[in-house]
Amino acid sequence: DDEFVYIHHDYTSYYPSIMISYNIAPEHLHQKSFVKMVSYLKETRVKCKHATPEDGQIIEGVDNKIAAEALKIVINSIYGKLGYEYGDICDKLAVLKVTINGQLMTMTLVEELELNGIHVVSANTDGIVIKLPNNKRDVFKEITTRWNETNHMGADGEEYKVLIQRDINNYSDKQIDDKLEYKELNIELNIM
């Protein structure tokens, strides 16, 4: 309405970005090479995700949307394999460095937004959803820009006309451009 808008402040490949920005790699591998490879995969994914038809195919012979989704799986699985004890890149300390620092960084953003009267509806490893008073758009922009710079992160944003959310993995939304999006939305109705 005229008073509020819901915004999803979507981190750009959060866990891979943490690994890149803070040089987190399995101890038994060459740190610089590992981080450089993760960085290349993330940057290529982001290029594919944001490519326009005029850009052509970022990866020759592969549709950009398909490439972006495939690379998302690849870079997220690299993080996941850090915790797989039977895998070649297992390093539990690296997992903790990524997750704990990621949680702390998110909480600093949540805290600053809340202290400035911007309610955080939900937060996870994809980003945060906020209920933004329209008169605080400049405050939100200033806080998130500083947070991104301080933590060496990037983020996109989506504004919602409608957000229906049971929990973080079950929602439906209608964005400002009328695009509809949903995730699972497995809601059981218990009618007596």
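Residues numbered from 1 in each chain as written. Predicted model: local features only at pLDDT ≥ 70, side-chain atom pairs only at ≥ 80, totals over all residues. Heavy atoms only, no water.

Caption draft 1: Fine view of the overall build of the chain. For the chain, the count of helices and strands is five helices and six strands. Each helix (α) and strand (β) of the chain, taken in turn from the N terminus, gives the series β-α-α-α-α-β-β-α-β-β-β. The principal-axis extent of the C-alpha atoms belonging to the chain is close to 55 × 45 × 40 Å. A total of 192 residues make up the chain; the buried ones form 35% of that total. (Helix = DSSP H or I, 4+ residues; strand = E, 2+ residues; numbered from the N terminus. Buried < 20%, exposed > 50% of the residue type's maximum accessible area, 1.4 Å probe, protein only.)

Caption draft 2: Up close: the sheet that holds strand β5 (residues 170-175). If you walk across this open sheet you meet the six strands as β2-β3-β1-β4-β5-β6, and the pairing is antiparallel. Bordering the open sheet on either side are β2 (119-124) and β6 (180-183), each of which pairs with just one other strand. Neighbour to neighbour, the strand axes of the sheet diverge by 30° on average, direction disregarded. As defined by bridge partners, strand β4 (residues 155-167) adjoins β5 across six bridges and the pair is classed as antiparallel. (Pairing = 2+ DSSP bridges. Axes fitted to C-alpha atoms, helices over the stretch in contact; angles between N-to-C directions.)

Caption draft 3: Representation of the nonpolar core. Core analysis: the biggest nonpolar cluster contains 36 residues, and Tyr14, Ile18, Met19, Leu113, Ile128 and Ile130 have the highest contact counts within it. Counting residues per element, the ones that place at least two in this core are β1 (4-11), α1 (14-21), α2 (31-50), α3 (64-81), α4 (92-115), β3 (127-133) and α5 (137-151). Setting aside chain neighbours within four positions, we find Ile130 in contact with Val5, Tyr6, Ile7, Leu113, Ile118, His119, Val120, Val121 and Phe140. (Core = buried A, V, L, I, M, F, W, Y, C linked by side-chain atoms within 4.5 Å. Contact = heavy atoms within 4.5 Å.)

Caption draft 4: Structural view of the pattern of salt bridges. A complete count under the given rule lists seven salt bridges for this structure. With its nearest N and O atoms 2.7 Å apart, the salt bridge here joins Glu142 to Arg146. Placement of the pair is Glu142 and Arg146 together in helix α5, with a separation of four residues, close to one helical turn. Among the residues examined, Glu142 registers a relative accessible area of 42% and is labelled partly exposed. With its nearest N and O atoms 3.8 Å apart, the salt bridge here joins Asp178 to Lys174. Assessed through its relative accessible area of 41%, Asp178 is described here as partly exposed. (Salt bridge = Lys/Arg side-chain N within 4 Å of Asp/Glu carboxyl O.)

Caption draft 5: Fine view of the pairing of β1. Summarising burial for β1: six of the eight residues are buried, a large majority. The pairing of β1 with β3 spans seven bridges and is classified as antiparallel. Of the residues in β3, the one forming a bridge with Phe4 is Pro133. Taken together, the six bridges between β1 and β4 define a ladder with antiparallel strand orientation. Across the sheet, residue Ile7 finds its bridge partner in β4, namely Glu159.

Caption draft 6: Examining the packing of aromatic side chains more closely. Inspection of every chain in the model, using the stated rule, returns six aromatic pairs. Within the aromatic cluster, the residues linked to one another by ring pairs are Tyr11, Tyr14, Tyr15, Tyr79 and Trp147. The aromatic ring of Tyr84 is capped on one face by Lys81, whose charged end is 5.3 Å from the ring centroid. Lying across the ring of Phe4, Lys131 places its NZ or CZ 4.4 Å from the centre. (Phe/Tyr/Trp six-rings, centres within 6.5 Å; stacked < 30°, edge-to-face > 60°. Lys NZ or Arg CZ within 6 Å of the ring centre and 35° of its normal.)

Caption draft 7: α1, seen in detail. The buried fraction of α1 amounts to seven of the eight residues, a majority that puts the element mostly inside the structure. Against the buried residues of α1 lie β1, α2, α3, α4 and α5. In the stretch just after α1, Asn23 is the one whose phi turns positive, near 50°.

Caption draft 8: Up close: the packing of α1 against α3. Relative to each other, α1 and α3 sit at 65°, their axes nearing to 9 Å. Here α1 lies roughly perpendicular to α3, going by the angle between them. Where α1 crosses over α3, the handedness of that crossing is left-handed. Contacts between α1 and α3 pair Tyr15, Pro16 and Met19 from the former with Ile75, Asn76, Ile78 and Tyr79 from the latter. (Parallel < 35°, antiparallel > 145°, perpendicular 65-115°, else oblique. Left-handed = near helix turned anticlockwise from the far one by under 90°.)

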